[in-house]
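# Tertiary structure, described
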Amino acid sequence: MIITLTPNPSLDRTVTLAGPLVRGGVNRLQSVTTEPGGKGLNVARVLARSGQEVTAILPAPERDPLVAALEALDAPGLSAVAVDVAGAVRVNTAVTEPDGTTTKLNEPGAVLAGAEVAAVEEALGEAVTAHTAPAGADAAPGEDAHSWAILSGSLPPGAPTDWYARLVGLLRRAAPGLRIAVDTSDAPLAALAAALPDAAPDLIKPNGEELGQLAGLPAERATALEQGALAGDYAPVAQAARVLVDRGVGAVLATLGGAGAVLVTAEGAWRATAPAVPVISTVGAGDSSVAGYILADVRGADAPERLATAMAYGSAAAGLPGTTLPGPADLPDQVAVVTPL
Ligand SMILES: O=P(O)(O)OC[C@@]1(O)O[C@H](CO)[C@@H](O)[C@@H]1O
């Protein structure tokens, strides 16, 4: 069973410029594309493209363009559950320049009312129960070692800031064997960190700066983590991730852009170099890394292989335009080099 939750989905509009962005000027667009978006949905789509059965839960009004776009997707294995809410799904814009620079303009999303928050929570609970307790089976919910719930992205206005922390607790009680990944940022990530070790996920995927903040580093040291890794110094990243593992997080997958990624678990720490692929759009690269990690996990891979697979999927996504997400055929020929730290 794999379930994703995207509390704040989006329609991703990618506008492509013929030249560099001129701030304050008139920029003429070469092309415009629109795709379903939102971090959990992206993870679900990558997993489905790699042959997994995935349920993707998200709030969206019945007649929303996102729901229509999801219905039009040719995605065997992906089952989208849109919880009917009042507010329209946001439109997030990515501006891409010829050199691969991507500028994201993300809307806050419509307010989720208290009853809608409860309805989303209920849909998540129902999906967990439906997938883990087949009629007549005695197995406890979530006993399947390869079951994952992935909670991803920002929270819409109206949702409680500590929602992810709360959901981790709820899921732990409902399905003790279920593995839980959380990929978020800003206040919801801080709330999750504040709830450790009680609401500890099995996987988090911060970038360098988020990792530094989570580990309590001063702002300048947090922002320097990725720069340090680019210069070959991965130890501070591993140390910061270790702080979170010591506080109960199962695995920290720190994605570091061009410097690759670091994985820290209770068993060890590894770094992976990014395969050299031309970067076209980084939108969805982090989500694809999460999907790669989970795909390797459900296939029974060890930690270095999970990291290598995360790198492969993240790099493949960076080589695709807009929010186009990779399948197995898009993976780079060059394999990521994984080294213990
Ligand atoms: O505003 P959030 O929820 O943090 O991020 C949303 C988003 O930028 O994340 C995905 C890429 O990771 C996009 O599909 C989507 O537009």
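Residues numbered from 1 in each chain as written. Predicted model: local features only at pLDDT ≥ 70, side-chain atom pairs only at ≥ 80, totals over all residues. Heavy atoms only, no water.

Under an unreviewed UniProt entry, the name given to the protein chain is 1-phosphofructokinase, and the organism recorded is Actinomyces ruminicola. Recorded in UniProt under Sequence similarities (unreviewed entry), the annotation for the protein chain is "Belongs to the carbohydrate kinase PfkB family." (UniProt positions renumbered as here; feature names shortened; annotations may be inferred.)

## Topic: the domain arrangement of the protein chain
In terms of domain boundaries, the protein chain breaks down into domain 1 (1–21 + 28–134 + 144–201) and domain 2 (202–340). Facing 37 residues of domain 1, the contacting portion of domain 2 comprises 37 residues. Summed over both partners, the interface of domain 1 with domain 2 buries about 3000 Å², with 59% contributed by carbon and sulfur atoms. Ranking the residues of domain 1 by area buried against domain 2 places V46, R49 and W148 at the top, with a combined share of 18%. Viewed at the interface, domain 2 and domain 1 are joined by three salt bridges. (Domains from an automatic or database assignment. Contact = heavy atoms within 4.5 Å. Buried area = accessible area lost by both parts, 1.4 Å probe. Salt bridge = Lys/Arg side-chain N within 4 Å of Asp/Glu carboxyl O.)

## Describing the side chain of R45
Along the chain, the position of R45 falls in helix 1 (residues 39–49). Although R45 is buried, it forms no salt bridge, and the closest oppositely charged side chain is E35 at an N-O distance of 4.7 Å. At a separation of 3.4 Å, a polar atom in the side chain of R45 contacts the main-chain carbonyl oxygen of P36. In this structure R45 touches P36, L73, L78 and L325, once residues within four positions along its chain are discounted. (Helix = DSSP H or I, 4+ residues; strand = E, 2+ residues; numbered from the N terminus. Buried < 20%, exposed > 50% of the residue type's maximum accessible area, 1.4 Å probe, protein only. Lys, Arg positive; Asp, Glu negative; His and termini not counted. Polar contact = N/O pair within 3.5 Å; in protein donor to acceptor, adjacent residues only side chain to side chain.)

## Describing the sheet that holds strand 3 (residues 29–37)
In space, the four strands of this open sheet follow the order 3-2-6-7, with mixed pairing throughout. The sheet terminates laterally at strand 3 and strand 7 (102–105), the two strands that pair on one side only. For this sheet, the mean inter-axis angle between neighbouring strands, taken without regard to orientation, is 20 degrees. Across eight bridges, strand 2 (residues 10–17) lies against strand 3 in antiparallel orientation. What sits directly across from D12, in strand 3, is E35. (Pairing = 2+ DSSP bridges. Axes fitted to C-alpha atoms, helices over the stretch in contact; angles between N-to-C directions.)

## Brief notes about the packing of aromatic side chains
We describe a pair of aromatic rings using the distance from one ring centre to the other and the angle between the two ring planes. The final tally for this structure, using the stated rule, is one aromatic pair. Between W148 and Y293 the ring centres are 6.5 Å apart and the planes differ by 85 degrees, which places this aromatic pair in the edge-to-face class. Placement of W148 in strand 8 (residues 148–152) and of Y293 in helix 9 (residues 285–298) is noted, with a sequence separation of 145 residues between them. The two residues W148 and Y293 agree in class, both being buried. (Phe/Tyr/Trp six-rings, centres within 6.5 Å; stacked < 30°, edge-to-face > 60°.)

## Quick notes on the layout of surface pockets
The computed volume of the largest pocket comes to approximately 1200 Å³. What lines the largest pocket is a set of 45 residues, and nearest its centre among them are K39, K205, T282, A285 and G286. Elements with a minimum of two residues in the lining of the largest pocket: strand 2, helix 1, strand 6 (90–96), strand 7, helix 6 (208–214), helix 9 and helix 10 (303–318). Tallied by class, residues from the lining of the largest pocket come to nine nonpolar, 26 polar and ten charged. Both of domain 1 (1–21 + 28–134 + 144–201) and domain 2 (202–340) provide at least three residues apiece to the lining of the largest pocket. Empty space within the second largest pocket amounts to approximately 160 Å³. Counting only elements with at least two residues in the lining of the second largest pocket, the list comes to strand 2 and strand 3. When residues in the lining of the second largest pocket are grouped by element, the largest group, four residues, is from strand 3. For the lining of the second largest pocket, the residue count by class is five nonpolar, nine polar and two charged. (1 Å grid on protein atoms, 1.4 Å probe; cavity = no way out; pocket = protein on both sides within 12 Å on 5 of 7 lines; lining within 4 Å. Points joined across faces, edges and corners; volume = space filled by probe spheres on them. Nonpolar A, V, L, I, M, F, W, Y, C, P; charged D, E, K, R; others polar.)

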